[in-house]
Amino acid sequence: MPGSWVSELDFDSRGQQADVWELELTKGTERHEVDVDAASGKVTKQQADQDDDDRDDDGDDGDDD
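In this report, the structure presented in the accompanying data block is examined.

About the cut-offs
Note that residues are indexed from 1 along each chain, following the sequence as it is written. pLDDT decides what is reported in this predicted model: residues at 70 or higher carry local features, side-chain atom pairs at 80 or more are listed and counted, and totals for whole chains, interfaces and linings draw on all residues regardless. Processing note: side-chain calculations cover all non-hydrogen atoms of the structure and skip hydrogens and water entirely. Counting from the N terminus, the helices are DSSP H or I runs at least four residues long and the strands are E runs at least two residues long. With a 1.4 Å probe rolled over the protein chains alone, any residue whose accessible area is under 20% of its type maximum counts as buried; one over 50% counts as exposed, and the rest are partly exposed. For this analysis, a polar contact is any N or O atom pair within 3.5 Å, provided that within protein one partner can donate a hydrogen and the other can accept it, and provided that sequence-adjacent residues contribute only side-chain to side-chain pairs. Here, two residues are considered to be in contact whenever any of their heavy atoms come within 4.5 Å of each other. Salt bridges are defined as contacts in which a side-chain nitrogen from Lys or Arg sits within 4 Å of a carboxyl oxygen from Asp or Glu.

Right, let's get into the side chain of T26. In this fold, T26 is placed in strand β2 (residues 20–27). With a relative accessible area of 9%, T26 lands in the buried category. Within the local environment of T26, its side chain forms a polar contact with the side chain of S7, the two groups lying 2.7 Å apart. Residues in contact with T26, not counting those within four places in the same chain, are M1, S4, W5, S7 and R31.

The following block contains the structure:
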């Protein structure tokens, strides 16, 4: 995602499954969650999210409508 920055980075050791780096990329109000295989460097998951206005991750943007 050009122009984005890494807003969160976590290492997830998954036991029997491949370990992954979990990244959250942010550009304005747009967020992308990406999992990267720690051994191969391949992207294993990518998901786009829209940030809500009140930033509490409850899916409510604070509007009454």
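Moving on, there is more to tell.
Taken as a whole, this structure holds five salt bridges when the rule is applied. Between R14 and D12 there is a salt bridge, with its nearest N and O atoms 2.9 Å apart. Judged by its relative accessible area of 25%, D12 is partly exposed. Of the charged contacts, one joins E22 and R14 as a salt bridge, the two residues approaching to 3.1 Å between their closest N and O atoms.

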